[in-house]
Amino acid sequence: MLSTRPLPTTCLRNISRGSRAYSQLYLRRASLFPPYLTRTTMPKAAKEGPVSCLFGVVKPSGPTSMSLVNDIKQLVANSPVFVEEGKLAQKAQNSGKRSKHRRDAVKIGQGGTLDPLADGVLVVGVGKGTKKLSEFLDCVKEYRTTCLLGCETDTYDSEGKQVRVAPWHHVTREQVEKTLEQFRGEIEQVPPIFSALKMDGMPLYEYARKGKPLPRPIEKRKVTVHELELVEWLGSDHSFRLPEKKFSKEEQEAMETALKSVDTSVSIKDEPDQEVPSEKPPTAFVLRMKVSGGTYVRSIVHDLAHALGSAGHVVTLTRSRQGRFALEPKDEGDRACVPWEVFEAALADEGEADEDGRKAWEREVMAKMEVV
């Protein structure tokens, strides 16, 4: 049984002395090791470089993804935030020398290409962050895309040539909303024949251009469409127009020959609208979707237009989310992206560093990056 008797006065004095001694020892230790140097209080991102990280960039429509990454690399490869000072000094010494075996000062890559037409989230990895990029190929992504009815193109978007035209006046908003149900959940997609995917060592687009029969049907891919909705009905009130470039009759026949080798029902022929020709542009509408990795957004638009008894192609495409990087962060753990204009301005003039030695673009990246 525990004793409930009070401790002797001598015991209390010894405890008090021990407490004071411990406090004095702790204070002396604290004076030697300030809080900003302790492991528990120092954010990893605040360490002296180099830092390995992931960050999102808001890609504009027009340039290729790799051209933007190469531009960003010019800044990153000369920044003490991402490169060891010793390597920067050595690089400065060797600036006038040429070497075939010179290694890059820092690794940089991207986690999933966006077509030149597309804009939105592009995840970039620096240093050890490049090893994490593969997870963004298979992650859930969100897109917003505009479909223009009336014609399909070889690339399934407005960058390509008209393959054929088809009626569009009959398509209503109600029909689109009803037909979308066919494309929700787990579906199978056939990649576009005008893609870089290879069959027996030859890109699919070569079969189509040369009119060569396909050795076998293009393999279908299983993907998951978690969410798909019509968010805006533009009708004919828009500035989009059909592509000016058109397939010649010979190009149509070549593409038909390639596809008919595996599907005899394929027909690549124009189907002029029987309605009285209108001066108004064809119907357009905007879709929002949340999909699994590997999903072809252009194929969804292409196949949806077919299901509506028409033809269609993508005229705008925005990736609004790639994993936890988003244009509009809303969930816990989401990360905002760095606008491309930040890098564009720095490439023209990096400006002066602040009192911490950081330039404006570095501060923007550090505020939004995920340290690896």
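Structure shown above.
Residues numbered from 1 in each chain as written. Predicted model: local features only at pLDDT ≥ 70, side-chain atom pairs only at ≥ 80, totals over all residues. Heavy atoms only, no water.

A. Summary view of the nonpolar core. Counting 28 residues, the largest nonpolar core has F285, L287 and M289 as the members making the most contacts within it. At the level of secondary structure, the elements contributing two or more residues to this core comprise β4 (141-149), β10 (221-235), β11 (284-291), α7 (297-307) and β12 (312-322). When residues in this core are grouped by element, the largest group, five residues, is from α7. Counting 27 residues, the second-largest nonpolar core is a separate cluster that includes L68, V338, F343 and W361. (Core = buried A, V, L, I, M, F, W, Y, C linked by side-chain atoms within 4.5 Å. Buried < 20%, exposed > 50% of the residue type's maximum accessible area, 1.4 Å probe, protein only. Helix = DSSP H or I, 4+ residues; strand = E, 2+ residues; numbered from the N terminus.)

B. Focus on the pattern of salt bridges. Enumeration according to the criterion identifies 22 salt bridges in this entry. A salt bridge links E181 to R184, with the nearest nitrogen and oxygen atoms 2.7 Å apart. Residues E364 and K368 are paired through a salt bridge, measuring 3.3 Å at the closest nitrogen-oxygen approach. Remark: K368 and E364 occur in helix α9 (residues 360-368); sequence separation between them is four residues, near one turn of the helix. Each of the salt bridges in this network shares a partner with another, and the network as a whole consists of E135, R324, R335 and E370. (Salt bridge = Lys/Arg side-chain N within 4 Å of Asp/Glu carboxyl O.)

C. Representation of the packing of helix α2 (residues 65-76) against helix α8 (residues 340-348). At a minimum axis distance of 10 Å, the contact between α2 and α8 shows a crossing angle of 55°. In terms of their interaxial angle, α2 and α8 are classed as oblique. Once α2 is placed against α8, the crossing between them reads as left-handed. Residue-level inspection shows L68, D71, I72, Q74 and L75 of α2 in contact with α8, the latter providing W340, F343, A346 and L347. (Axes fitted to C-alpha atoms, helices over the stretch in contact; angles between N-to-C directions. Parallel < 35°, antiparallel > 145°, perpendicular 65-115°, else oblique. Left-handed = near helix turned anticlockwise from the far one by under 90°. Contact = heavy atoms within 4.5 Å.)

D. Structural detail: the pairing of β12. Buried residues dominate β12, accounting for nine of its eleven residues. As paired elements, strand β3 (residues 119-126) and β12 share two bridges and run parallel to each other. Its bridge partner lying in β12, G120 is registered against R319. Sheet analysis places β4 next to β12, joined by nine bridges and oriented antiparallel. Counterpart to L149 in the pairing with β12 is G312. Strand direction decides the pairing type here: β12 and strand β13 (residues 325-326), joined by two bridges, are antiparallel. Opposite R321, over in β13, you have A326 as the bridge partner. (Pairing = 2+ DSSP bridges.)

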